[in-house]
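Chain and residue survey
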Amino acid sequence: MTPQRSFVRKNVYLASIVVLLVPLYLLSRPATPPRQGGEGSPGGLLARMREEEKLSQTQLGQIDPAGETIRLATLGMRGVATLVLWEKSNQYFKKHDWVNFSATVMQMTKLQPHFVSVWRYQGWVFSYNCSAQFDDYRARYLWVMKGVKYLQDGIRYNEHAPILLWDVGWIIAHKLGSADEVKQHRRQFKADDEFHGSRPLAERDNWLVGKQWFREACRRVDAGDKINKTPVLFRCEPAMCQMHYCEAIEKEGTFGEVAQREWRNAATEWQAFGDEDIPTSDKTYIRLNDEEVYRDKYARCLDKIDPGGTLRAKIEAELRGELTEAQRAAVDLAPSARTTEQTVLAAEAESRLRYSVDDVARRVAGAARSEALKLAKEAKQHDAVINRIEGSRQTVNFKYWKLRADVEQRPETVAARQWIHQADEAFELGELPDAKLAYRHGFDDWNAVMESLYKEDQTAAKDPRKKYLGRKYEEFMESDTTGRDLMDVIRRYQQFLEQCDEDQLFAPEIAKRPHWARIRKLHEKKQ
Amino acid sequence: MPPQDTVAPPFFTWLLGPGWSEAGLYQPAMLAVFIVLLCGGLVAGAIAMRKGSAAISRKTAILLAGGILGAIVLLGALALLLWLFPVLRAPLAGLLGTGWHRGALFQFAAVVVCLGSFAFAVGWLAVAVQRGPEEALARCGRVVGEAAFDLICLSPRRVWALTWLTVKEAVRRRMVVAFAVFIVCLLFAGWFLDPGSGDPARLYLGFVLTTTTYLVLLLAWFLSTASLPADIKKRTLFTVITKPVRRSEIVLGRMLGFVAVGTGLLLIMGPISYVFVVRGLAHTHELPDADRETAEQLWNLPPETVARKGPQKLTTDTVNGHKHTIYLNPLKRVLRDGRAELETAAEGSFATQPEQGHWHAFSYETSDEEQPDGKVMRRLRTKLGPVLGRPIARVPIFGDLRFKDREGRDARKGISVGDEWEYRSFIQGGTRAAAIWSFQDIREEDFPDGIRVEMTIEIFRSHKGDIEKGVLGSLWVRRPAADPKVENWVEVRSFEAKEFVTDVKLIPRDLETPAGEQLDLFRDIVADGKLELRLTCEVPNQYFGAAPHDLYLRTGDAPFAWNFAKGYLGIWLQMVLVVCFGVMFSTFLSAPIAMLATMAMLLGGTFWQFIKDLGSHKVVGGGPGESLYRMVNQDNLVSEMPPGLRTTLLQMGDVVLEMGLRVVTRLLPDFGSYAFLDDQGHACVASGFDISTAMVAKAVLSAASFAIPLFVAGYFFLKTREVAR
């Protein structure tokens, strides 16, 4: 190469570098904050994208100098270092070396503070897996709270990860509130001055504190943060915490006006939850309280298509004519009276007896037919909404908890629970006459509750438009949760009578109270 | 039933075999004669060689080589006979003790003889093929003879000169960078070390020991492997070789030089680390005003009221994530007019409850203060002292552990409760199951107030039981009985078991049997320094888990600073080994290859236990070939391999590979033993246990058993190498 060619080549390279600097500058110019007397700049394309997608470190959360230092020290081998630390942490856990396990987990999160899954996973490990290894309930509590503090650290580094707030709420509410050591943990939680700080004693209930964390998580999602969780399950937790709080205080012996008030709050919060806009997978929004509204709309559409119901009766008669004798006989029987074979036949028959609103609309003749078809389309849309709402309701057992809050806030229900609680306590203390009296009162009060539900249903059944509102009494009686609860009461009473050598009184006692007899009939075999 | 889980053997048992104390050679008189003869012979030989000529005649060389070959054949025949006919070991057993072949000294001798013989035979064969057997004998004999002169006739002056040269070269290579990195690590360590963890002493000590080990070993690795090859490449070694310097002096000078550099670094890092740990753990607490005022009231109440209230529970403030509980009882009994009366003490001092393995001294004093209304109030001033109990160096006596099953029969080990880590096995509560430790070398003067037992057992509940109450257990003692069926246990303690903390129990000197008999622990129970201690669980269907080192007798504490220094001695020994290997490899390999080889040795030594387990087929997932198959096919570790020719071939190959791995572990040093790790893999210094003199002696001898052959090998490699090319 001649010197001239070399010179030319060098100039070309230099010119290319200068030219390339322009797009480089446009792409990677950093954002600058506003200074006194001046404005900041949003920076180049990458800086603007980071701002929009909330990816920059300052936007993710706090920056930790220790974490930055340790990441620098790994000289680009952060992945390898993390892998080694994960392996070491597994070994330390296996060998119950809790000191080194905690230290290793802390180092891991210093290396990757914005990896939310690590915080979630290890927070769970501390609170659930590590705590379970300890025999002493005091040590278990310390490790549960260690998981909580660990997650709280994670929140500082990931301010836009509401799932961490949700996890804190879950551990405080459910781990402390549903463990075998629930009594001890709730007591320890109340006495934990270090955790609560200046929080008043009355507010130091794990369910109430958990509710606050869940609410904060919901608020962050409403403000625009993303969460990868089923929306209805995510949003139901604050109200569920209130429900569990009511159950917990009654278990601990708090009844009367306090219990009623808290159950009323639970009903209010559940109602509010039902009024929230829940996003669905097909980009629409539903409200769980709106099922009845849409059912009403659907019924109205159907009434407009077929006033009087003659077309529907005709379709039903035709479809019924296609059934076999056995299917007809099975479907005519009440569900509780069917044998297994008849249940199968009835299910087949019911599926064949179904008809769509289009079938009804197509039978409309003349000028009203096009209007009927339009109404049918509208009815189908309402039906689709009903199905979505129904699915979400089933996910959170919406109707059960709504009914539960409604029933539990009644004075007679609170009284019934109080009597049973007193009876159990008296039984444990060996005060048998007091226990017998309390059990009897409790049974009577529960019977009265069920009787009142039955009467409400009778009243509602008279309005055909309201029959889809549900059968409170039937739902109450058939609910597995209620059944389990009340069967426990029956069993304890049975044990009590055996203790008193009066087990022959059990059957007549139950027979005297027909609703109790029904509970026993419905649920005894299931358990 | 002999104990299955034994502790590490005592030093002389490890060195000379289990039956050494009955061996004829080791009786004092015989031993004295043997030592005198051996030392005299070595010294005389060395003096003769130093005075003699280094030139060896052809005849002498042939005789020497012939003699060596003859000795190899004879020793080989003897070893074969002993292996084929164990009955022939009996005469040797009388002289050297039963199980002499298991002693480290003999194993070392066997390895050295084998390797040396192999090297000699290979060398003789290589020359014999080219020049005939007689010429081969002459050459080999000459090499051996010259080697003997070179190795024995070292000049300390020349060795020192070369050592100093090496030190200067290391300093020129900026070895202080390692020291700078160490200081930087310490400065920023506070960001990563949590003083509020469950055992901050272990974290801090583990950190300084690990950092020091990594830095010093990496420095030693880098310096020792790069030095000689660089000198050879730059031809600066010629200036040394052309002087009247033996090759052995060059090798030894390099080794000692790098060891000196590492030692200097350790001598600086050690005290700095010590200060870092002690200062990092140092803290004190204060009693909050509310607690102090509550306590103050005790001095202003009648003593009888105070006695009825019982000890006052106070809590210090939270420092480093923990606080201490204090049980304050200000009462003391005084004699007045021949009657014992209660009164509140004006001052006093006692210990707080332990937390995170340490406690503080709590002292108080009162003063009278006159109130405006004329009443006199007692005012309380309190003070909490510095950390006590940590860092620490406990001196334990470990015992051999054996088990009894639920029917009271001897069992190999206890029950498994499904724990993945099978370090502990479990005994069932409410049955005759028990864990029994047998102790030896118990001296009354070590336990003036009774025997202090420390234990860290695990608890497994098969049902919740009473959550608020712990699982009850009992400790029993007895004199080791000749007849194992004799059950003369004396219960000494009942307790609620604690998990994951060191539970301390004192067995008092004065014991009482259920029959009312009064016993003295040392006169009536401990016999010839031996004692058996039994642990049982008293709650049905609950379990205690125990491992051999989970329970020990604590004689007292060694000075922590001295124990810390011993920990650093372990790092020094590791550094010496790395230097020796590095220099040895660098005598015949280029720098990059020497670095690779030394790093391979370092990694092999670090993972020595894992390689040994792999070679003994103890690792889940099979041998090397089977593991590779599982990795490629993404199979899990425990699924059965598919039957067939491939599996058979893989497993046969693994047998050969595992044999090779076992050989490799014989040739590699176990760095874990120089790090003085306990049975759970933690450094003894960090765990708070004293490193015994026996452990130190074993480590030093073991390191010397590598260092000396490496020096000899390095000499031979450098001697036979063509330095100028």
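Residues numbered from 1 in each chain as written. Chains lettered and ligands numbered in written order. Predicted model: local features only at pLDDT ≥ 70, side-chain atom pairs only at ≥ 80, totals over all residues. Heavy atoms only, no water.

1. Re the overall build of chain A
Secondary structure assignment for chain A yields 27 helices and 2 strands. Against the globule reference of 24 Å for 527 residues, chain A gives a C-alpha radius of gyration of 32 Å, more extended than a compact globule. Seen along its three principal axes, the alpha-carbon backbone of chain A occupies a region of about 110 × 80 × 50 Å. Counting all 527 residues of chain A, 43% fall into the buried class. In chain A, once contacts between residues fewer than 6 apart in sequence are set aside, the share between residues at least 24 apart is 64%. Counting 82 positive and 80 negative side-chain charges, chain A places the centres of these two groups 7 Å from one another. (Helix = DSSP H or I, 4+ residues; strand = E, 2+ residues; numbered from the N terminus. Rg over C-alpha atoms; globule rule 2.2 N^0.38 Å. Buried < 20%, exposed > 50% of the residue type's maximum accessible area, 1.4 Å probe, protein only. Contact = heavy atoms within 4.5 Å. Lys, Arg positive; Asp, Glu negative; His and termini not counted. Charge placed at Lys NZ, Arg CZ, Asp CG, Glu CD.)

2. Here we look at the sheet that holds strand β16 (residues 490–496) of chain B
All names here are of chain B. With antiparallel pairing, the 6 strands of this open sheet are ordered in space as β10-β9-β12-β20-β15-β16. Taken across any chain shown, the strands that pair with only one partner, and hence form the sheet edges, are β10 (410–411) and β16. The sheet contact formed by strand β15 (residues 472–478) and β16 spans 6 bridges and is antiparallel. For Val 477, the partnering residue across the bridge sits in β16 and is Val 490. (Pairing = 2+ DSSP bridges.)

3. Overview of the interface of chain A and chain B
Contact with chain A, which involves 23 residues of that partner, is made by 23 residues of chain B. Interface area for chain A against chain B, summed over the two sides, is near 2,200 Å², with a carbon-plus-sulfur share of 57%. Between chain A and chain B we count 5 salt bridges in total. Of the charged contacts in the structure, one is a salt bridge between Lys 464 of chain B and Glu 181 of chain A, with a shortest N-O distance of 2.7 Å. For the interface between chain A and chain B, the tally reads 9 residue pairs in polar contact (both at pLDDT 80 or more). Among the secondary structure elements, those contributing two or more residues to the side of chain A that touches chain B are α4 (65–73), α6 (98–111), α8 (137–157) and α10 (182–191) of chain A. Of all the elements, α6 of chain A adds the most residues to the side of chain A that touches chain B, at 5 residues. A breakdown of the residues in the side of chain A that touches chain B according to their chemical character gives 8 nonpolar, 5 polar and 10 charged. (Buried area = accessible area lost by both parts, 1.4 Å probe. Salt bridge = Lys/Arg side-chain N within 4 Å of Asp/Glu carboxyl O. Polar contact = N/O pair within 3.5 Å; in protein donor to acceptor, adjacent residues only side chain to side chain. Nonpolar A, V, L, I, M, F, W, Y, C, P; charged D, E, K, R; others polar.)

4. Focus on the pairing of strand β20 (residues 531–537) of chain B
Residue and element names in this part refer to chain B. Here β20 lies mainly inside the structure; 7 of its 7 residues are buried. The two faces of β20 match: Leu 531, Leu 533, Leu 535 and Cys 537 on one face and Glu 532, Arg 534 and Thr 536 on the other face are all buried. Note that β15 and β20 share 6 bridges and pair antiparallel. Across the sheet, Trp 476 pairs through a bridge with Arg 534, a residue of β20.

5. Topic: helix α7 (residues 116–132) of chain A
All names here are of chain A. In this model, α7 (17 residues) spans 24 Å end to end at C-alpha, consistent with the 24 Å of a helix rising 1.5 Å per residue. Of all the bends in α7, the greatest, near 35°, is centred on Val 125. When we look at burial in α7, the residues that qualify are Val 118, Trp 119, Gln 122, Gly 123, Val 125, Phe 126, Ser 127, Tyr 128, Cys 130 and Ser 131. Those residues of α7 hidden inside the fold are in contact with α5 (78–94), α6, α8 and α9 (162–178). (Expected span 1.5 Å × (residues − 1). Bend = angle between axes of the 7 residues up to and from the residue.)

6. Topic: helix α22 (residues 693–720) of chain B
Residues and elements named next belong to chain B. Here α22 spans 40 Å end to end across 28 residues, near enough to the 40 Å set by a 1.5 Å rise per residue. Every buried residue of α22 is accounted for by Val 696, Lys 698, Ala 699, Ser 702, Ala 703, Phe 706, Ala 707, Leu 710, Phe 711, Gly 714, Tyr 715 and Leu 718. Packing partners of the buried residues in α22 comprise α1 (11–16), α6 (133–152), α11 (247–281), α15 (560–586), α19 (645–667) and α20 (671–674).

7. Structural notes on unusual backbone geometry
Residues and elements named next belong to chain B. Looking along the chain, the bond that leaves Arg 390 and enters Pro 391 is cis, with omega of -5°. Considering the arrangement of structural elements, one finds Pro 391 in the loop between β7 (376–388) and β8 (394–398). Even without being a glycine, Phe 676 presents a positive backbone phi close to 50°. Along the chain, Phe 676 falls in the loop between α20 and α21 (684–687).

8. Focus: the pattern of salt bridges
Residue and element names in this part refer to chain A. Inspection of the entire model under this criterion finds 87 salt bridges over all chains. Ionic pairing is found between Arg 518 and Glu 474, a salt bridge with its closest N-O pair at 3.1 Å. In this pair, Arg 518 is assigned in helix α27 (residues 514–523) and Glu 474 in helix α24 (residues 472–478), connecting sequence segments 44 residues apart. What you see here is one network of salt bridges that share partners, running through Glu 247, Glu 250, Arg 404, Glu 408, Arg 417 and Asp 485.

9. Topic: empty space enclosed by the protein
Residue and element names in this part refer to chain B. Tallied over the entire structure, the rule returns 3 cavities of 30 Å³ or more. Taken as a whole, the largest cavity encloses approximately 110 Å³ of empty space. Looking at the lining of the largest cavity, the elements that each hand over two or more residues are α9 (200–234) and α11. Top element by residues in the lining of the largest cavity is α9. It accounts for 3 residues. (1 Å grid on protein atoms, 1.4 Å probe; cavity = no way out; pocket = protein on both sides within 12 Å on 5 of 7 lines; lining within 4 Å. Points joined across faces, edges and corners; volume = space filled by probe spheres on them.)

10. Remarks on the confidence of the model for chain B
Residue and element names in this part refer to chain B. Chain-level statistics for chain B give a pLDDT mean of 86 and a share of 96% at 70 or above. Confidence over residues 1–6 falls short of pLDDT 50; this stretch has 10 contacts with residues more than four positions distant or in other chains. The ipTM assigned to the predicted complex is 0.83, against a pTM of 0.83. (pLDDT = per-residue confidence, 0-100.)

11. Observations regarding the sheet that holds strand β21 (residues 542–546) of chain B
Pairing between sheet strands relies on hydrogen bonds along the backbone, with the strands arranged either parallel or antiparallel. Residues and elements named next belong to chain B. Strand order across the open sheet formed by 3 strands is β11-β21-β14, with antiparallel pairing between neighbours. In the strand order of this sheet, the two ends are held by β11 (425–428) and β14 (458–461), each with one partner. Each adjacent strand pair in this sheet contributes to an overall mean axis angle of 30°, direction not counted. As judged from the 4 bridges shared by β14 and β21, these two strands associate in the antiparallel manner. Residue pairing in the sheet places Arg 461 in a bridge with Gln 542 of β21. (Axes fitted to C-alpha atoms, helices over the stretch in contact; angles between N-to-C directions.)

12. Considering the side chain of Thr 513 of chain B
Residue and element names in this part refer to chain B. Here Thr 513 is to be found in the loop between β18 (510–512) and β19 (518–520). On the basis of relative accessible area, Thr 513 is assigned to the buried category, the value being 13%. Excluding its chain neighbours within four sequence positions, the residues that come into contact with Thr 513 are Val 490 and Leu 519.

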